[in-house]
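Okay, here's what each chain looks like letter by letter:
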Amino acid sequence: MTTQTKRGNYFDIQQSGQDRLETRATRVLGIRYPIIQGGLARIARAELAAAVSNAGGLGQIAMAGVATTPELLRAEIHKAKALTSAPFAINFPIGHLKIDALLDVVMEEKVAAVSLTRGNPKPAIARLAGSGIRVLVLVSGPEQAMKAEQAGADVVATVGYEGGGHLGRTDLTTFVGVPLVVDAVSIPVVAGGGIADGRGLAAALALGADGVEVGTRFIAVREAFAHENYKNALLRAAETVIVKRSIGQPGRALVNEWSRGFLEAEAKGTSRDVLLGMVGAEANERGVFHGDIEGSLLWAGQAAALIGDIPTAAEFIARMVSEARSSAERLARLAGAYRAGVSLSPAASVKVV
Ligand SMILES: Cc1cc2nc3c(=O)[nH]c(=O)nc-3n(C[C@H](O)[C@H](O)[C@H](O)COP(=O)(O)O)c2cc1C
């Protein structure tokens, strides 16, 4: 099947004949299921990205803590290419970083897509112009989404307040943010934040999204580069909390000794420099690499409470698709009942017409 995108490029979807759940996002990104694995700093490496892409979603390699130099990025891309021939993406938290050399590697290696977050996406989109590389921009509300569309993004992903890791400053939940963004732009919208199963995927599609970005759930899969203690902590986790709000970089993490201590320091008015020192890479590495569950910063979204096992990425994606289909069938039955004018439950006294 051949699809013409907004940029006028032609894109062959080669896996025709295989099962798919097609939306505008899957067509633009060349994937079978509208499931994007979020960039996960330190965790999302070639093995995870390739496993997700092989299973029909869009896997991503994180620049943060993984592919921070052109050499490291090229090596990670080569690893992923050896594991999959399906499209995958590279995630860039832009901030104030100079990423031109990294984008050049992405273009030389003809990677299918990049995602951009935490900064103005315009210069990166301009650098990638004409390369055919799809650009997904993460936003936290309709204003940012419109700016991303104007800058030339192919897809926007809106991440709600429920989400894990760094968040936007709008505090919009997924349930409110997604329809607002869907109404604000004409490019495909991907919903993120709080989605960890097929019910969430079906709900996102019902809100008008063209797919989902799933972060926290993909930490607790076998291919994720995270210490087993972190994965197991997610199985037990019920509570998350927002840290770093006082320094303008809110992010959601597991409740543990570290986050309780950090919140206390924030409440006491500790200086920005001291707080920034406390949240350096090392605080996160203690948990992700060494499994120190109480004494480290462990990013996680509210969806941690929905995690009940540690499957492979492929098992998780297959389950998510099947659950989403069940949810959609349930809604279709309700819609059918409405159309037929029958009562929705035996106890209902009012006939629905
Ligand atoms: C451990 C962790 C690390 C993350 N690192 C990044 C990152 O480097 N780049 C990025 O764009 N988003 C990052 N995120 C956000 C996710 O990509 C995704 O947007 C978010 O987790 C979606 O919400 P969910 O956790 O409820 O699924 C991170 C999230 C977590 C939980």
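Right, let's walk through the structure included here.

### Digging into the overall build of the protein chain
Logical step 1: A count of helices and strands for the protein chain gives 13 helices and 13 strands.
Logical step 2: With respect to the principal axes defined by its C-alpha atoms, the protein chain has extents near 65 × 50 × 35 Å.

### Observations regarding helix α2 (residues 46-54)
Logical step 1: Burial of α2 is extensive: seven of the nine residues sit out of reach of the surface.
Logical step 2: Among the residues making up α2, those that are buried are Ala-46, Leu-48, Ala-49, Ala-50, Ala-51, Val-52 and Ser-53.
Logical step 3: Buried residues along α2 sit against β3 (35-37), β4 (59-62), α3 (70-83), β5 (88-93) and α13 (313-340).
Logical step 4: Looking at the residues trailing α2, positive phi occurs at Gly-56, about 105 degrees.

### A look at the packing of helix α6 (residues 142-151) against helix α7 (residues 174-184)
Logical step 1: Their axes nearest at 9 Å, the elements α6 and α7 cross at an angle of 35 degrees. With respect to the hand of their crossing, α6 and α7 are arranged in right-handed fashion. Contacts between α6 and α7 involve Pro-142, Ala-145 and Met-146 from the first element and Leu-180, Val-181 and Ala-184 from the second.
Logical step 2: Looking at the contact of α6 with α7, its residues break down into six nonpolar, no polar and no charged.

### Comments concerning the sheet that holds strand β12 (residues 240-243)
Logical step 1: Ordered by their spatial adjacency, three strands build an open sheet running β9-β13-β12, and the pairing between neighbours is antiparallel. Edge strands, defined here as strands with exactly one partner in the open sheet, are β9 (165-166) and β12.
Logical step 2: Pairing between β12 and strand β13 (residues 251-254): four bridges, direction antiparallel. What sits directly across from Ile-242, in β13, is Arg-252.
Logical step 3: Set on the sheet, helix α10 (residues 257-267) makes contact with β12 and β13; between it and β12 the angle comes to about 40 degrees.

### A word on the site of the ligand
Logical step 1: If you check the shell around the ligand, you find 30 residues, and the closest are Gly-38, Gly-164, Gly-165, Gly-215 and Gly-301.
Logical step 2: Taken together, the elements giving at least two residues each to the shell around the ligand come down to β5 and β11 (211-214).
Logical step 3: Across the shell around the ligand, the residue classes break down as 14 nonpolar, 13 polar and three charged.
Logical step 4: In this structure, the shell around the ligand is formed jointly by two domains, domain 1 (2-225 + 309-352) and domain 2 (228-304), each of which donates at least three residues.

### With respect to the nonpolar core
Logical step 1: Ranked by size, the top nonpolar core spans 107 residues in total, and within it Ile-61, Val-114, Val-156 and Val-212 carry the most contacts.
Logical step 2: Structurally, this core is a two-domain feature, drawing no fewer than three residues from each of domain 1 (2-225 + 309-352) and domain 2 (228-304).
Logical step 3: Here Val-212 is in contact with Pro-34, Ile-35, Ile-36, Val-190, Ala-191, Gly-192, Ile-195, Gly-200, Leu-201 and Ala-204, once residues within four sequence places are set aside.

### Describing the packing of helix α8 (residues 198-206) against α13
Logical step 1: Between α8 and α13, whose axes approach to 7 Å, the crossing angle comes to 55 degrees. Classified by the angle between their axes, α8 and α13 sit oblique to one another. Considering the relative orientation of α8 and α13, their crossing is right-handed. Note on element contacts: α13 touches α8 through Arg-319, Met-320, Val-321, Ser-322, Glu-323, Ala-324, Ser-326, Ser-327, Ala-328 and Leu-331, opposite Gly-198, Arg-199, Leu-201, Ala-202 and Ala-206.
Logical step 2: Counted by class, the contact of α8 with α13 contains eight nonpolar, four polar and three charged residues.

Rules used throughout
Residues numbered from 1 in each chain as written. Predicted model: local features only at pLDDT ≥ 70, side-chain atom pairs only at ≥ 80, totals over all residues. Helix = DSSP H or I, 4+ residues; strand = E, 2+ residues; numbered from the N terminus. Buried ≥ 20, exposed ≤ 12 C-beta atoms within 10 Å, placed from the backbone. Contact = placed C-beta atoms within 7 Å. Axes fitted to C-alpha atoms, helices over the stretch in contact; angles between N-to-C directions. Left-handed = near helix turned anticlockwise from the far one by under 90°. Nonpolar A, V, L, I, M, F, W, Y, C, P; charged D, E, K, R; others polar. Pairing = 2+ DSSP bridges. Near = placed C-beta within 6 Å. Domains from an automatic or database assignment. Core = buried A, V, L, I, M, F, W, Y, C linked by C-beta atoms within 7 Å. Parallel < 35°, antiparallel > 145°, perpendicular 65-115°, else oblique.

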